[in-house]
Amino acid sequence: MKGSLLYEGKAKKVYSLIGEEYELILEYKDEATAFNGKKHQTFRGKGRLNNLISAHVFSYLKLAGIPTHFIQTLSDTEQLVKQSQIIPLEVVVRNVAAGSMTRRLGLEEGTELPEPIVEFYYKSDDLDDPFINDEHARMLMKVDQSDLDHIKAAAHKINNHLQVMFSEIELRLIDFKLEFGRLHDGSIVLSDEISPDTCRLWDQDTNRKMDKDVFRNDIEDLVEIYEIILKRLEAIVHV
Ligand code: TMP
Ligand code: ASP
């Protein structure tokens, strides 16, 4: 049974679960935000799409042997997860230059990177999620170098699996953001969500943008695009 509201973020609410100390319910909202909340819009049906897309992606990764917080979906907008203490690190993996990387390094959007790059950002709305290195992460969070090395290795492994998964549905995985959390036993697992809110996905043949950039840059209808992603995932992953 759903307990009390523990936390409300921009896109999700987190509830306790009565009688289950180490489990939580995530409820996905119909909100889209961009540029750290400066742009904001409600899209009816977005919560369902993010919930179900993320459930498919996490199920795929679980089957591939990646430890995650995901247990099961509970409804169109809710999922059951293991309770974890989120490490305030946004772990970005990039295969192709886009977004902030093109601005920071003067690269042209769409430039293939010679090898995937993992970057760390400090998850802080007040500070606009600044780019940080390992030393900053060790200073700011309860992590040591072996935790960071483990997170980087996991991020590369997840990238390999997700590239295969998205290519099966004719999408190129340009870049994406992961978050990790610590379970009560101290182990680190993949947490939060993986969806077109947290990935850049381009059509394999046309490079049409099929992710939150359609909202960030007013390109196409977000709900129509996310529906296409969910339909394609439903054809290849069973939750
Ligand atoms: P960036 O190019 O803006 O740094 O974004 C890199 C990737 O991370 C992109 O797929 C979008 C995702 N992302 C988030 O999920 N949340 C965020 O707050 C930001 C800035 C990026
Ligand atoms: N996730 C951030 C926000 O909600 C930034 C972004 O994705 O563009 O504002």
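Parameters and conventions
- Per chain, the residues get numbers from 1 upward, laid out in the order the sequence is written.
- A letter from A marks each chain and a number from 1 marks each ligand, given out in the order of writing.
- Only residues with pLDDT of at least 70 are given local features in this predicted model, and only at 80 or more are side-chain atom pairs given and counted; all residues enter the totals for whole chains, interfaces and linings.
- As a convention, hydrogens and water are excluded, and side-chain values are obtained from all of the structure's heavy atoms.
- Being near a molecule or strand, for a residue, means having at least one of its heavy atoms within 4 Å of it.
- Here a polar contact means two N or O atoms within 3.5 Å. Within protein one must be a hydrogen donor candidate and the other an acceptor candidate, and residues neighboring in sequence count only if both atoms are side-chain atoms.
- With residues, only the protein chains shown are counted as cover, and all accessible areas are computed by Shrake-Rupley using a 1.4 Å probe.
- Charged residues are taken to be Asp, Glu, Lys and Arg, nonpolar residues to be Ala, Val, Leu, Ile, Met, Phe, Trp, Tyr, Cys and Pro, and polar residues to be all remaining types, Gly included.
- Every helix listed is a DSSP run of H or I at least four residues long, and every strand listed is a run of E at least two residues long, numbered separately from the N terminus.
- UniProt positions are given in the numbering used here, feature names are shortened, and annotations may be inferred rather than shown by experiment.

So, the site of ligand 2
Then comes step 1: Near ligand 2 you find Lys10, Thr33, Ala34, Phe35, Asn36, Gly37, Lys212 and Arg216, and these make up its full shell.
Then comes step 2: The separation between an oxygen atom of ligand 2 and a polar main-chain atom of asparagine 36 is 2.7 Å.
Then comes step 3: Arginine 216 is positioned with one of its side-chain polar atoms (N or O) 2.8 Å from an oxygen atom of ligand 2.
Then comes step 4: Notes on ligand 2: free accessible area 270 Å², of which the protein chains cover 75%.
Then comes step 5: Here the shell around ligand 2 is built from residues that sort into two nonpolar, three polar and three charged.

Here's the deal with the site of ligand 1
Then comes step 1: Around ligand 1, 16 residues are found, and the nearest of them are Arg94, Ser100, Asp175, Lys177 and Arg200.
Then comes step 2: A distance of 3.4 Å separates an oxygen atom of ligand 1 from a polar atom in the side chain of glutamate 90.
Then comes step 3: Note that an oxygen atom of ligand 1 is positioned 2.6 Å from one of the side-chain N or O atoms of serine 100.
Then comes step 4: Mapped onto the shell around ligand 1, the elements with two or more residues apiece are strand E9 (89-96), strand E12 (171-182) and strand E14 (199-203).
Then comes step 5: Grouping the amino acids of the shell around ligand 1 by side-chain chemistry returns five nonpolar, three polar and eight charged.

With respect to the UniProt feature "domain: SAICAR synthetase/ADE2 N-terminal" (unreviewed entry) in the protein chain
Then comes step 1: UniProt feature "domain: SAICAR synthetase/ADE2 N-terminal" (unreviewed entry): in the numbering of this structure it lies at residues 5-232.
Then comes step 2: Structurally, residues 5-232 comprises 31% helix and 35% strand, and the distance from its first C-alpha atom to its last is 33 Å.

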